[in-house]
Amino acid sequence: HGLALHIDGARLLNAAVALNEKPARLVAGADSVSVCLSKGLGAPVGSMLVGSEAFMHLAQRWRKAVGGAMRQSGVLAAAGLEALERYPAQLAADHHKANLLRTGLGNIEGVTLHTPPRPTNMVVFTVQAMAAEAFCAAMHGKGVLIAPYGGGRKEIRAVLHCDVSPEDVAMAVECAAAVLKERGSQ
């Protein structure tokens, strides 16, 4: 039918690292791809749009027509280039930290992990002793930002990124154990 295929690559680079694959191979069948440089890569702002020369020309015209141009954006572009150069190592480190969190949470009674076939930097789990929103609020009170996740909002999602250290992960596991222990003693 002549339809073009666009891929929103918000998680493309995480998938590439988890699969040990080149991003280009994962999107080979697409006509265009967008990739966010700030989500997970640590750049302050920015996204990339990739496509054919004709598509990019059209995209640039539309960007200018709707006022999307930025002046003096070279400094931001430099931060984006730096993020792209270091993404394989950084995302692999984020995946490792997520694995540390998974392991730590897995050792807490009453926590059930939902591990995908190819884990990345996200950890999804449930707690039996309390509602997800109450658990997340208690964790927030201890300085750990996690959020209810999923359609029924019963699951909890933690996302690891460049600003979270292995020590932060250990602290989050300790906080989770403390929240559930406090809940059990009530």
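For the structure given in this document, a descriptive report is provided here.

Quick notes on the rules
Residue indices follow the written sequence of each chain, beginning from 1 at its first position. Restriction of local features to residues with pLDDT of at least 70 applies here, the model being predicted, together with a cutoff of 80 or more for giving and counting side-chain atom pairs; totals for whole chains, interfaces and linings are based on all residues. No hydrogens and no water enter the side-chain calculation; it runs on all heavy atoms of the structure. Secondary structure elements follow DSSP: runs of H or I of four or more residues count as helices, runs of E of two or more count as strands, with numbering from the N terminus. Grid points spaced at 1 Å over the protein atoms alone were grouped into cavities, where a 1.4 Å probe fits but cannot get out, and pockets, open sets with protein on both sides within 12 Å along at least five of seven lines, with lining residues defined by an atom within 4 Å of a point. Grid points are joined across faces, edges and corners, and a volume is the space filled by probe spheres set on the points. Residue polarity follows a fixed list, in which Ala, Val, Leu, Ile, Met, Phe, Trp, Tyr, Cys and Pro are nonpolar, Asp, Glu, Lys and Arg are charged, and the others, Gly among them, are polar. Residue exposure (1.4 Å probe, protein chains only): buried if accessible area is under 20% of the type maximum, exposed if over 50%, otherwise partly exposed. Note on contacts: a residue pair qualifies if any of its non-hydrogen atoms lie within 4.5 Å across the two residues. Side-chain atoms alone can form a polar contact between residues adjacent in sequence; in general such a contact is a pair of N or O atoms within 3.5 Å, and within protein one must be able to donate a hydrogen while the other accepts it. DSSP bridges decide pairing: two strands pair if at least two such bridges lie between them. For helices, the fitted axis covers only the stretch in contact; all axes are lines through C-alpha atoms, and the angles between them, taken along N-to-C directions, range from 0 to 180 degrees. Note on terminology: angles under 35 degrees are roughly parallel, angles over 145 are roughly antiparallel, angles of 65 to 115 are roughly perpendicular, and the others are oblique. Handedness of a crossing follows from how the near helix is turned relative to the far one, being left-handed for an anticlockwise turn of less than a right angle and right-handed for a clockwise one.

Concerning the environment of Glu82
Looking at the secondary structure, you find Glu82 in helix H4 (residues 74-106). Along the backbone, Glu82 and Pro117 are 35 residues apart, and their C-alpha atoms lie at a distance of 30 Å.

A few points about the layout of surface pockets
With a probe scaled to a water molecule rolled over the atoms, the places where space remains empty come into view. Here the largest pocket defines a volume of roughly 370 Å³. As for the largest pocket, its lining consists of 16 residues, and the residues nearest its centre are Gly46, Ser47, Ser73, Leu76 and Ala77. At five residues, the largest contribution of residues to the lining of the largest pocket is made by H4. Residue classes in the lining of the largest pocket are distributed as ten nonpolar, five polar and one charged. Along its surface, the second largest pocket is lined by 16 residues, and Val144, Leu145, Ile146, Val164 and Ala172 are the ones closest to its centre. Elements with a minimum of two residues in the lining of the second largest pocket: H4, strand E7 (155-159) and helix H6 (166-184). Take the lining of the second largest pocket: its biggest share by element is four residues, from H6. Grouping the amino acids of the lining of the second largest pocket by side-chain chemistry returns 14 nonpolar, one polar and one charged.

Side note on the environment of His6
Looking at the element boundaries, His6 is found in strand E1 (residues 6-8). The exposure class of His6 is partly exposed, given its relative accessible area of 40%. Placed 26 residues apart in sequence, His6 and Ser32 show a C-alpha to C-alpha distance of 4.8 Å. If we ignore the near neighbours within four places in the chain, the residues touching His6 are Ser32, Val33, Ser34 and Leu49. Looking at His6, its side chain comes within polar contact range of the side chain of Ser32, at 2.7 Å. Polar side-chain contacts of His6 include one of 3.5 Å to the side chain of Ser34.

Description of unusual backbone geometry
For Asn20, which is not glycine, the phi dihedral falls at a positive 55°. Structurally, the position occupied by Asn20 is in the loop between helix H1 (12-19) and helix H2 (23-26). The exposure class of Asn20 is exposed, given its relative accessible area of 72%.

Re the sheet that holds strand E2 (residues 32-36)
Across the sheet, three strands lie side by side as E1-E2-E3; this open sheet has mixed pairing. Each edge of the open sheet carries a strand with a single partner, namely E1 and strand E3 (47-51). Strand after strand, the sheet turns through a mean of 15° between neighbouring axes, direction not considered. Its contacts with the sheet place helix H3 (residues 53-65) against E2 and E3, and it is angled at close to 135° to E3.

Re the packing of H1 against H4
In the contact formed by H1 and H4, the axes pass within 9 Å of each other and the chain directions differ by 70°. By the angle between their axes, H1 is roughly perpendicular relative to H4. For the pair H1 and H4, the crossing hand works out as right-handed. In contact with Leu13, Asn14, Val17 and Ala18 of H1, H4 contributes Leu84, Tyr87, Pro88, Leu91, Ala92 and His95. Within the contact of H1 with H4, the residues separate by chemical class into eight nonpolar, two polar and no charged.

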